[in-house]
Amino acid sequence: QVQLVESGGGSVQAGGSLRLSCAVSGRTFSTSAMGWFRQGPGKEREFVAASSRSGGSTSYADSVKGRFTISRDNAKNTVYLQMNSLKPEDTAVYYCAARSLGSAFFQSVWEYNYWGQGTQVTVSS
């Protein structure tokens, strides 16, 4: 049973920072490509950031490029999303996702096998 557990969400004022964590258990983390997605109120789930299984390749949505950083610690089976310069439009439930095959990064919801339960991020103006 693969489990992904996010943490680190919360409420912050615009311009602030948060770091999300996603701990993965039940499979070999180092062989999994990882991604972060978000879903705002009344919106579809959208891509935020992705990392290849080695962490050597990453990708970001244009809306977060330069503000968010995805990283991973394969020794701790954990992927992180550092979010700086937060804006009210970043308010959403953030989900981490894992994909069991492939050496690249992946940007589509349908490309991921496993999902966490989500963590709420609220940014006030």
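Coordinates for the structure precede this section.
Quantities reported herein were computed from a predicted structural model and do not represent experimental measurements. (Residues numbered from 1 in each chain as written. Predicted model: local features only at pLDDT ≥ 70, side-chain atom pairs only at ≥ 80, totals over all residues. Heavy atoms only, no water.)

(A) Just the sheet that holds strand S1 (residues 3-7), in detail. What the four strands build is an open sheet, ordered S1-S3-S8-S7; its pairing is antiparallel. On the outer flanks of this sheet lie S1 and strand S7 (68-73), each paired with one strand and no other. Averaged over neighbouring strand pairs, the angle between their axes works out to 15° when direction is ignored. The pairing of S7 with strand S8 (residues 78-83) spans six bridges and is antiparallel. By the bridge assignment for S8, Ile70 is matched with Leu81. (Pairing = 2+ DSSP bridges. Helix = DSSP H or I, 4+ residues; strand = E, 2+ residues; numbered from the N terminus. Axes fitted to C-alpha atoms, helices over the stretch in contact; angles between N-to-C directions.)

(B) The state of the cysteines, seen in detail. The final tally for this structure, using the stated rule, is one disulfide. Covalently, Cys22 is tied to Cys96 through a disulfide, its sulfur atoms 1.9 Å apart. Negative torsions about the S-S bond denote left-handed disulfides, and the value of about 45° found for Cys22 with Cys96 makes this one right-handed. Of the two residues, Cys22 is situated in strand S3 (residues 18-25) and Cys96 in strand S9 (residues 92-99); the sequence distance between them amounts to 74 residues. With a relative accessible area of 0%, Cys96 lands in the buried category. (Disulfide = S-S within 2.5 Å. Buried < 20%, exposed > 50% of the residue type's maximum accessible area, 1.4 Å probe, protein only.)

(C) Layout of the side chain of Glu6. Mapped onto the elements of the fold, Glu6 is located in strand S1. Among buried Asp, Glu, Lys and Arg side chains, Glu6 stands out as unpaired, with Arg45 the closest opposite charge at 7.4 Å. Within the local environment of Glu6, its side chain forms a polar contact with the backbone nitrogen of Gln117, the two atoms lying 3.0 Å apart. Polar side-chain contacts of Glu6 include one of 2.9 Å to the backbone nitrogen of Gly118. Apart from the residues within four sequence positions on either side, Glu6 is in contact with Ser21, Cys22, Trp36, Tyr94, Tyr95, Cys96, Gly116, Gln117, Gly118 and Thr119. (Lys, Arg positive; Asp, Glu negative; His and termini not counted. Salt bridge = Lys/Arg side-chain N within 4 Å of Asp/Glu carboxyl O. Polar contact = N/O pair within 3.5 Å; in protein donor to acceptor, adjacent residues only side chain to side chain. Contact = heavy atoms within 4.5 Å.)

(D) Summary view of the pattern of salt bridges. A full pass over the atoms with the stated rule returns four salt bridges. With its nearest N and O atoms 2.9 Å apart, the salt bridge here joins Arg38 to Asp90. Of this pair, Arg38 sits in strand S4 (residues 33-39) while Asp90 sits in the loop between S8 and S9, and the two are 52 residues apart along the sequence. We classify Asp90 as buried; its relative accessible area is 0%.

(E) Representation of the pairing of strand S5 (residues 46-51) in the model. Within S5, five of the six residues are buried, leaving the element largely enclosed by the surrounding structure. In this sheet, S5 lies alongside S4 in antiparallel orientation, the contact comprising five bridges. Paired with Phe37 across the two strands is Phe47, which belongs to S5. Pairing geometry for S5 and strand S6 (residues 58-60), over three bridges, is antiparallel. Paired with Ala50 across the bridge in S6 is Ser59. Here S5 folds back onto S6, and the loop between the two strands holds six residues, one of which, Gly55, carries a positive phi near 85°.

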